[in-house]
Amino acid sequence: MIINRRQFLRHKRSIALLFLLIAESSRLSAQNSFKGLEGFFSTPKNYVVQHTAQVLKMDGNLDESDWQKANWTSNFVDIEGGKKPLPTYQTQVKMLWNDSTLFIAAKLQEPQLWATQTHHDDIIYKDNDFEVFIDPANNTHQYFEIEVNQFNKIFDLFMPKPYRNGGDALISWDAEGLESGVKLDGTLNNPKDEDKGWTVEMAIPLKALRIGFPFHVPKEGTLWRINFSRVEWDTKISNGKNEKLKNAAGKDLPEHNWVWSPQGVINMHYPERWGYLQFSRKSDAVFTMPLLELQKQYLWLIYYRQKQYQQKNGKYAATLAELNLERGVKIGERESLLQMDASAKQFTATIMAEGSAAISINDEGLIETIKPKP
């Protein structure tokens, strides 16, 4: 969204006065504002990824000293978070990066190793798999997905926007230069023995994670959104192989979805729910949640409430009041102001705080920073 300088300055001059008025007015508590949507607003996980100059071989062994120093994430949980029991088998991830590559390693506990998909861009999640989701722009659009199975076969795709907003997967996109390795601790497709698990190692070229944009090396503190998923099917040994369990109608039982940062919904294509990946060259760097990310929560609150309102009324609400939301919100010690422009079929909401850039969200969930036009 672009606004001219006169509009920007007028907004800026009015913010201080509006904040004073808002401070005197009644507002709904945050608890009431988010009621019923708590699962969408749990704090995402975060990972500070350390820089490496070491040559890493993508063989799944993780023998290199920098891999040994990198921290593992917490164990994966159910995609819905605390609503569901902890996964049966453990999964963890660790990461490193250099100026050209993001390195990802995952270890997956698994007592029965099996796979059936044997070609690139097969539907890999038909098998037990490991999946990576990356949004470098942190705007929920133009993001990437990479899946791998125990054959080390890759399914990679680009999403211009989430499926919920009419996005369609570009399966013809390939992560050019991607290297991956899988190490099996057991025997593949041999149900006669019990296995221990498998390890995945990936080297993803950073320049591959761009569509039509120039590549820039991440700076100190650069923030991406990332999440990891593990698809796990319930199986039984039948006719000398692992077969998926079926329901009474003969259809496969639903797969388990185990993730690093819980989504709050059985859908990985909610990029605003992914974890934070912070790039650093400092060994003692600590993740700090930026004010901008806290402000975005209120934009997403408007987005979800508008979708609820549309489903019920067949149109979007024209005002924040119709959504039972106030214009003023306090984040820490900072006051922020919400604005919304809406028609029956579209809306744009904005949040701004004095001294900070304004950001907006539209009815397709696109996050943008508002810059004054020179």
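The rules behind these values
Per-chain numbering applies: the sequence of each chain, read as written, is numbered from 1 onward. Side-chain atom pairs in this predicted model are given and counted only at pLDDT of 80 or more, local residue features only at pLDDT of at least 70, and totals for whole chains, interfaces and linings cover all residues. Note that the side-chain values use all heavy atoms of the structure and ignore hydrogens as well as water. Helix and strand definitions follow DSSP, with helices as H or I runs of at least four residues and strands as E runs of at least two, each counted in order from the N terminus. When we talk radius of gyration, it's over C-alpha atoms, and the globule rule is simply 2.2 Å times the number of residues to the 0.38. Burial status follows relative accessibility: with a 1.4 Å probe on protein chains alone, a residue under 20% of its type maximum counts as buried, one over 50% as exposed, and anything between as partly exposed. Residue exposure ignores everything except the shown protein chains as possible cover, and the areas themselves are Shrake-Rupley values with a 1.4 Å probe. The charge count includes Lys and Arg as positive and Asp and Glu as negative, but it does not include His or the ends of the chains. Charge coordinates come from a single atom per side chain, which is NZ of Lys, CZ of Arg, CG of Asp or CD of Glu. A pair is scored as a salt bridge if a Lys or Arg side-chain nitrogen falls within 4 Å of a carboxyl oxygen belonging to Asp or Glu. When DSSP finds two or more bridges between two strands, those strands count as paired. What makes a nonpolar core is a set of buried Ala, Val, Leu, Ile, Met, Phe, Trp, Tyr and Cys residues whose side-chain atoms join them at distances within 4.5 Å. Between two residues, a contact is recorded if the distance between any of their heavy atoms is within 4.5 Å. pLDDT is a per-residue confidence score from the predictor, ranging from 0 to 100. Any pair of Phe, Tyr and Trp rings, taking the six-membered ring for Trp, is counted once the centres come within 6.5 Å. Such a pair is stacked with planes under 30 degrees apart, edge-to-face with planes over 60 apart, and tilted for the rest.

## Re the overall build of the chain
Then comes step 1: Assigned secondary structure in the chain consists of 4 helices and 20 strands.
Then comes step 2: Taken over the C-alpha trace, the chain has a radius of gyration of 23 Å; the compact-globule value for 374 residues is 21 Å, and the two agree within 12%.
Then comes step 3: With the C-alpha coordinates of the chain rotated into their principal frame, the extents come out at 70 × 55 × 35 Å.
Then comes step 4: For the chain, buried positions account for 49% of its 374 residues.
Then comes step 5: Just so you have it, the chain exposes about 18600 Å², and 50% of that area is on carbon and sulfur atoms.
Then comes step 6: Distance between charge centroids for the chain: 8 Å, based on 45 positive and 46 negative side chains.

## Focus: the pattern of salt bridges
Then comes step 1: Throughout the structure, instances matching the rule amount to 10 salt bridges.
Then comes step 2: Two residues, E293 and R225, come together in a salt bridge whose shortest N-O distance is 3.7 Å. With E293 in helix α4 (residues 291-313) and R225 in strand β11 (residues 223-232), this residue pair connects regions lying 68 residues apart in the sequence. R225 matches E293 in its accessibility class, with the two residues each being buried.
Then comes step 3: One salt bridge in this structure joins E293 and K296, with 3.0 Å as the shortest N-O distance. Of this pair, E293 and K296 both sit in helix α4, 3 residues apart, which is roughly one turn of the helix. Here E293 and K296 have matching classes, each one buried.

## As for the pairing of strand β15 (residues 275-280)
Then comes step 1: Burial runs high along β15: 6 of the 6 residues are buried.
Then comes step 2: Residues of β15 alternate between two faces, with G275, L277 and F279 on one and Y276, Q278 and S280 on the opposite face, all of them buried.
Then comes step 3: Pairing between strand β2 (residues 46-51) and β15: 5 bridges, direction parallel. Looking across to β15, one finds that Q50 is bridged to S280.
Then comes step 4: Examined bridge by bridge, β11 and β15 share 4 bridges and lie antiparallel to one another. Counted as the bridge partner of R225 is Y276 from β15.

## Notes on the nonpolar core
Then comes step 1: Core analysis: the largest hydrophobic core is formed by 44 residues, its most contacted members being I104, F130, I226 and F228.
Then comes step 2: Considering each element in turn, this core owes the most residues, 6 residues, to strand β5 (residues 101-109).
Then comes step 3: The residues contacting I104, other than those within four sequence positions of it, are W67, V93, K94, M95, F130, V132, V200, E201, M202, I204, I226 and F228.
Then comes step 4: In terms of nonpolar packing, the next biggest core, distinct from the first, is built from 28 residues, Y298, L299, Y303 and A349 among them.

## Section: the confidence of the model for the chain
Then comes step 1: Confidence in the prediction for the chain averages 92 pLDDT; 91% of positions are at 70 or higher.
Then comes step 2: The low-confidence segment residues 1-29 (pLDDT under 50) makes 45 contacts with residues lying over four places distant or belonging to another chain.

## Observations regarding the packing of aromatic side chains
Aromatic ring pairs are reported here in terms of the distance separating the ring centres and the angle at which the planes meet.
Then comes step 1: Scanning all chains against the criterion turns up 20 aromatic pairs.
Then comes step 2: When the centroid spacing of 4.9 Å and the interplanar angle of 70 degrees are considered together, the rings of W224 and F279 count as edge-to-face. Taken together, the positions of W224 in strand β11 and F279 in strand β15 put the pair 55 residues apart, joining distant regions of the chain.
Then comes step 3: By relative accessible area, W224 is classed as buried at 3%.
Then comes step 4: For F279, a relative accessible area of 0% puts it in the buried group.

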